[in-house]
Structures are given as structure tokens and as C-alpha cells.
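# Overview (structure and organization)
Each chain is listed here by its residues.
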Amino acid sequence: MMTDKFTDVLVIGGGGAGIAAALSADEHGAQVTLIEKESVLGGSTGMSGGGISATNTRFQREAGITDSKDSWLALWHARQATSNPHSAYPDYNFVNYFMDEAVKTTEWLVDYAGHHYPAITGFGLDPVRRIHFAGEAGSLGGPILIQNLTQALKQHHIQVLLNTSAVSLKKQTTHSITGVKATSPDGSFVIHAKAVILATGGFAKNKAMLAEYIPNGDTLYQHSYSGPGNQGDGIQMAIKAGAVPYDEPWIIGEGITTNVPKTYQLTMDWSKLYVNAHGKRFMNEQNHYAVVTNLVMQQPQPWLVLDSTTANQAIISKLKSGLSTNEVVQGATINELATAMNVPVESLSTTITTYNAGADSGKDSFGKAQEFVKKIQQAPFYAVKIYPIIMGTFGGVKINQNFQVLTNSGQPFDNLFATGETANKAIYNQVYMSGSSVQFALTSGRLSGQFAAQHLL
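Calculation notes
- Residues numbered from 1 in each chain as written.
- Predicted model: local features only at pLDDT ≥ 70, side-chain atom pairs only at ≥ 80, totals over all residues.
- Heavy atoms only, no water.
- Helix = DSSP H or I, 4+ residues; strand = E, 2+ residues; numbered from the N terminus.
- Salt bridge = Lys/Arg side-chain N within 4 Å of Asp/Glu carboxyl O.
- Buried < 20%, exposed > 50% of the residue type's maximum accessible area, 1.4 Å probe, protein only.
- Pairing = 2+ DSSP bridges.

Looking at an unreviewed UniProt entry, one finds the protein chain named FAD-dependent oxidoreductase and attributed to Lactiplantibacillus daowaiensis.

Looking now at unusual backbone geometry. Note the cis peptide between Tyr-89 and Pro-90, where omega equals 5°. Mapping Pro-90 onto the fold places it in the loop between α4 (69-80) and α5 (92-111). For the bond running from Ala-379 to Pro-380, omega is -5°, close enough to zero to count as cis. Although it is not a glycine, Asn-56 adopts a positive phi angle of roughly 55°. Within the secondary structure, Asn-56 sits in the loop between β3 (52-53) and α3 (58-62).

We now examine the pattern of salt bridges. Counted according to the given criterion, the structure contains 14 salt bridges. Here Arg-58 makes a salt bridge to Asp-111, at a shortest N to O gap of 2.7 Å. One end of the pair, Arg-58, is in helix α3; the other, Asp-111, is in helix α5, with 53 residues separating them in the sequence. Look at Asp-111 and you get exposed, because its relative accessible area is 55%.

What follows is about the pairing of strand β1 (residues 5-12). Along β1, 6 of the 8 residues are buried, which leaves the element largely enclosed by surrounding structure. Two strands pair when backbone bridges link them, and β1 and strand β9 (residues 187-198) are joined in this way by 7 bridges, in the parallel orientation. By the bridge assignment, Val-9 is partnered in β9 with Ala-195. Sheet topology note: the β1/strand β2 (residues 32-35) ladder contains 4 bridges and is parallel. Within the sheet, the bridge partner assigned to Ile-12 lies in β2 and is Ile-35.

Here is the structure:
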């Protein structure tokens, strides 16, 4: 039996949210212990691009970039409106609060944690340069971000326990937590804490929870590119302790993929055509990747269709490996292709005819820009099955603006806080916003650490 441990603030989870929470609690005078069940720090943040969106930061102003919260907020409204029209979310009071605090976090990371932003860019359909990247444009900045934050942990002498899992929360009263029961390779023990911060991520790597909460969630698991620790354990621990889960959980979409190796470039190739199991086109392919995920999820077996034009030869050479597994089919004519896809021949033929007519007229029936509407006319023709990619989840447990977890009575726990995907539903309907997930992790972490430390006073 290991010896029990004591700390002021206990942070459970060592991704971006957890590290930010630990640094912030330390900054505000608390003794901090951080535990992480994996063997390394990073979580989903460490696997991400590391970009964080914020408006009118000093870094934007120094680079001559004009941006405003109103601009980002207008985009937020427009994107969320593409999803569930009956949703109670987002809570735009919380979104406003988040956007204001995101500016402070973006600057705090540099001033307190030694971070930096070599690039501030737009991305895809978001041209405004508000995404602050840790790496050069196009590089994977998540590992750099975690490296910088980890170095800050060492400089501030914050205790970090790896390979250490929280098993259950220990309660004193209905509204008070006294610590957690934890386990490590050396045995089980209790960590006594005056405040506990849950930074355990979402449930994108928990097949059972995906199946329970998300339509067709059991199939989404196969293309879940989230951190392996996102098992929903922190959410479940909190619920068992009396927390209330958010309604309407959803996934963070990242576009589409295939089951054929080395075809990643199809993820955001707007020049391709998508059809469903009825042979019908169902969307404008030139769309934000999170919107694409949501639309593809709604369709019976979606396909991507392409012809043998010279521009497609490189990807076709890779797709051919999928012919033997029926993930890819081909046909000498559109009718043969439809038969191979097992979709109605007349339906697919009409879809292709309409699509090609849009390419000729410059007026695509779904509104895709003319430069991306490429006629499908050169045989042989190919179709590949496509699948939605998820990189996280919306949901978790309900919190207030101090990031205190709410109980069944609607009252907050005095000293239990939640961050990141453990409590992110308030700012989303069903559409992820570029640069917002890592930013919410870091901002909620910074604020929860501050509020947890202030609770000790």
C-alpha cells in the first residue's frame, strides 16, 4: 500500500487543459499536483496542430492583422446554425466570455509559460488570420505546444505523477470533494486535495460511450483520431459523485477519410464529388471540415467519385489497392460504376450529368465554386467509400463560468472544477470551430486553475 499524498490543488489529466490548470493554480499561490494516466504528457493537444484562435491579440496587431471578436462571433453563429436547429446550445453568454478570455490566454502562454507563435494564419474556409500556431504554417504545432508547457511545469517545480489514474472522487459533503482514490504501477493510494480539477478529456476513444450518446457512434470509433486517454473516465467519475452531464453530446468532426492507405489528401479535396447509397449527391463538398463530418454521418454509405483525368492519376494509383477489399470500385462507364457501387444506375447517371452541367455553366447546383467543379468524364471511373473523422467530443459535465461542476440541484461543487472536453458543450451546437478546441482547453485550464487556487483563500 502506497502512502497517501496531500496537495492544495489536484489536477487530473496532463493534456493542454490540465497543464494550463496546473500552471495557473501555481501562479496563484497553490501547491499543485498533476496526475496523468498515460506515460507521457500531451493528450489530444499533443496530437493536434496546436493552433489557438483569438481575436485582436497583441501578436495580431504587431503583425498588422485586423480582427475583431464580432467577426469571429458572426462566423460562430453562422457555423452553428448549420447543425441541430432545435438545440439549446451554444450558450452565447459563455461563448462571449470564452472569446474574451481566449485573448488573455493567448498572451499568458507567452508571458508566463514561455510559448511562442511563429505563424498566425487562417485555415481552409476561415481566411481571417486568427489561428496562432506554435509551429510554422502547415506544421504540427501540438507537440511544440506541449513541449513548451512541460518545460514551464519543470521551471515551476510542479509535481507530476505519470502512469497514475484517478479511480474515484472522494466526497465530504454533497458539494465538497476531498480528493481522489488513485492507482499506479506501485499500488493504490489517496490524494487528499483542497480542490480538484478534472482535465481528463472527452470520450472519443470510448466505443461504448460513442455508441450510447452519438447516432452511429459505434462506427465512428474506427476513425477516431483523438488522444488514447479520452475514455470519458473523468466525466463518469463526476457523474457518480453527483455531477450533471450536458444534454446533446456530439463529436468534433475533422472531415472525411477512407480505409485505403495513403489517401489523406482526399480529406479536404473540394474538387471531388460525394454521393450516398442512393447514388445522389447530398452536399456542397467545398465546406468546413466539421460541417462535412456532420453531413456525411447522416448518409447511408457515402462514396467519393472521380474519373481518370490526369490530375487524378496520383490518387488513383493509391486507390487501386482498395479494389481487392471492396473499399474501392471501378467501372468503364458510369452505369458500370453504379452497378459496382450497388447504387441505382439511373440515379448516379443523373447525378453525374447534373454535376457536369454545373461545371459547364459555372453554376453548381449545390453552390460549389466553379474552380472546384471538375467534370467527371474520362473513363475508367472510380468510387471509394468515405467515412467521417472525429478528433474529440462535445459534452461532459455542466459547469458555471467559474468552471465549477454543477450538482443535480443546480448548485456548484465548492471545489470541483472541469475543463476542456470534460465540460465543453456550452460553447457548441454540433460544429467545431477551427482553433477553438485547444484554445478552450487552455483557457478553461487557466481559469479553473485560478479559481481553484482562489478557493483556498
